[in-house]
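# Observations on the three-dimensional arrangement
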Amino acid sequence: MAKIKEKFDNVFELDLGDGIKRIGTKSLVPNKRVYGEKLVNVKNTEYRVWNPNKSKLGASIINGLKEMPIKKGSKVLYLGASAGTTPSHVADVAEDSPVYAVEFAPRIMREFIESCEGRKNLFPILGDANKPEEYANIVEKVDVIFEDVAQPNQAEILIKNAKWFLKKGGYGMISIKARSVDVTENPRVIFEAQKEIMEQNGFKIVDAINIEPFEKDHMLFVGIWNG
Ligand code: SAM
């Protein structure tokens, strides 16, 4: 029988007895897989195993994220939803609170809409994260913005969205992909530069996680918004 321990609010450590460190979320839509993830039933509750190879937030938790800003009841704006792998876990964690998830590629959006089926708190938005004004009539003030867009101006996108939607004292979480900023530069220099942009524009960085070996040259920064 699997052993379950709550690591953060609504994020669980799953011990399946094989020595592999796994995390998971309680499934809001039982019996439904979003990306082929393993489902585990313990005492009439279904958990979805959160694969760190497919989710940078999952990888950050495995790699020692100190505090998880997304909790039960958090309102979240998620930038770069793709087909919904990480957004589906974020929606499980937020539970009955809205997760607004922006994606700009129409083809991927169609897949994402399928993952949202049955998830009453996950709202897909077809939009460009560079233009928050275009979805300002849909998104309310949020507690956390999570960004994973793999664009050259990653930190600027977070700041633009924070100015529109992030509550003062709320959290910005951003996965920085060094190669999207500059393929020729040393990743460490890029991480420092992106961090500095955040610090000079209203964020106090409280955590920084290198997510190797799950993703090469990626860092996740967590900042508190004072802007
Ligand atoms: N966060 C997803 C997950 O963990 O399941 C994976 C995200 S994938 C690395 C990056 C996604 O961001 C792609 O689907 C891409 O189309 C989207 N994207 C890139 N630039 C964007 C923008 N300006 N606005 C909205 N989405 C964007």
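Residues numbered from 1 in each chain as written. Predicted model: local features only at pLDDT ≥ 70, side-chain atom pairs only at ≥ 80, totals over all residues. Heavy atoms only, no water.

The next thing to look at is the site of the ligand. The environment of the ligand is made up of 19 residues, and the closest members are Tyr78, Thr86, Glu103, Ala129 and Gln151. One of the side-chain nitrogen or oxygen atoms of Asp128 is found 2.9 Å away from a nitrogen atom of the ligand. Taking Ala129, its main chain carries an N or O atom lying 2.8 Å from a nitrogen atom of the ligand. Against a free-state accessible area of 610 Å², the protein chains account for coverage of 87% of the ligand. The element that contributes the greatest number of residues to the shell around the ligand is helix 2 (residues 85–94), accounting for 3 residues. Taken together, the residues of the shell around the ligand break down into 8 nonpolar, 7 polar and 4 charged. (Near = heavy atom within 4 Å. Polar contact = N/O pair within 3.5 Å; in protein donor to acceptor, adjacent residues only side chain to side chain. Areas by Shrake-Rupley, 256 points an atom, 1.4 Å probe, with all protein chains shown as cover. Helix = DSSP H or I, 4+ residues; strand = E, 2+ residues; numbered from the N terminus. Nonpolar A, V, L, I, M, F, W, Y, C, P; charged D, E, K, R; others polar.)

Counting buried positions along strand 3 (residues 22–26) yields 4 of 5 residues, so the element is predominantly enclosed. As defined by bridge partners, strand 2 (residues 11–15) adjoins strand 3 across 3 bridges and the pair is classed as antiparallel. By the bridge assignment, Phe12 is partnered in strand 3 with Gly24. Connecting strand 2 to the antiparallel partner strand 3 that follows it, the hairpin turn spans 6 residues, and Gly17 within it adopts a positive phi of roughly 85°. With 4 bridges connecting them, strand 3 and strand 5 (residues 45–50) associate as antiparallel partners. In the strand pairing of strand 5, Ile23 is matched with Trp50. (Buried < 20%, exposed > 50% of the residue type's maximum accessible area, 1.4 Å probe, protein only. Pairing = 2+ DSSP bridges.)

Before going further, it helps to spend a moment on helix 3 (residues 106–116). Among the residues of helix 3, Met109, Phe112, Ser115 and Cys116 are the ones counted as buried. The arc enclosing the buried residues of helix 3, seen along the axis, measures out at 110°, which places them on a common side. Exposed residues pointing more than 90 degrees away from the buried face of helix 3 are listed as Arg107, Arg110 and Glu114. Residues of helix 3 that are buried make contact with helix 2, strand 7 (99–103) and strand 8 (122–126). Looking at the residues trailing helix 3, positive phi occurs at Gly118, about 85°. (Arc of directions from axis to C-beta. Contact = heavy atoms within 4.5 Å.)

The domains assigned to the protein chain are domain 1 (3–50) and domain 2 (57–225). On a C-alpha basis, the centroid separation for the pair domain 1 and domain 2 is 22 Å. Buried area between domain 1 and domain 2, summed over both chains or domains, comes out near 1900 Å², and the portion from carbon and sulfur atoms is 62%. Of all residues in domain 1, Phe8, Leu28 and Trp50 bury the most surface against domain 2, accounting for 32% of the area lost on that side. At the boundary of domain 1 with domain 2, the tally comes to 1 salt bridge. The shortest N-O distance in the salt bridge between Arg48 and Asp92 comes to 2.6 Å. Summed over the shared surface of domain 1 and domain 2, the number is 11 residue pairs in polar contact (both at pLDDT 80 or more). Secondary-structure elements contributing two or more residues to the side of domain 1 that touches domain 2 are strand 1 (3–8), strand 3 and strand 5. (Domains from an automatic or database assignment. Buried area = accessible area lost by both parts, 1.4 Å probe. Salt bridge = Lys/Arg side-chain N within 4 Å of Asp/Glu carboxyl O.)

Formed by 33 residues in total, the largest nonpolar core has its most connected members in Trp50, Leu57, Ile61, Met68, Ile70 and Met173. Broken down by secondary-structure element, the contributors of at least two residues to this core are helix 1 (56–62), strand 6 (76–79), helix 2, strand 7, helix 3, strand 9 (142–147), strand 10 (166–177) and strand 12 (218–225). Here this core spans two domains, since at least three of its residues come from each of domain 1 (3–50) and domain 2 (57–225). For Met68, the residues in contact, after removing those within four places along its chain, are Phe8, Val11, Trp50, Leu57 and Ile61. Counting residues in hydrophobic clusters, the runner-up holds 29 residues, among them Val142, Ala155, Ile176 and Ile190. (Core = buried A, V, L, I, M, F, W, Y, C linked by side-chain atoms within 4.5 Å.)

On to the packing of aromatic side chains. The final tally for this structure, using the stated rule, is 6 aromatic pairs. Ring centres 5.7 Å apart and planes at 15° place the aromatic pair Tyr135 and Phe165 in the stacked group. Of the two residues, Tyr135 sits in the loop between strand 8 and strand 9 while Phe165 sits in helix 4 (residues 154–165), which places them 30 residues apart along the sequence. What makes Tyr135 buried here is its relative accessible area of 1%. Residue Phe165 is classed as buried on the basis of its relative accessible area of 2%. One aromatic cluster is present, formed by Tyr135, Trp164 and Phe165 through successive ring pairs. (Phe/Tyr/Trp six-rings, centres within 6.5 Å; stacked < 30°, edge-to-face > 60°.)

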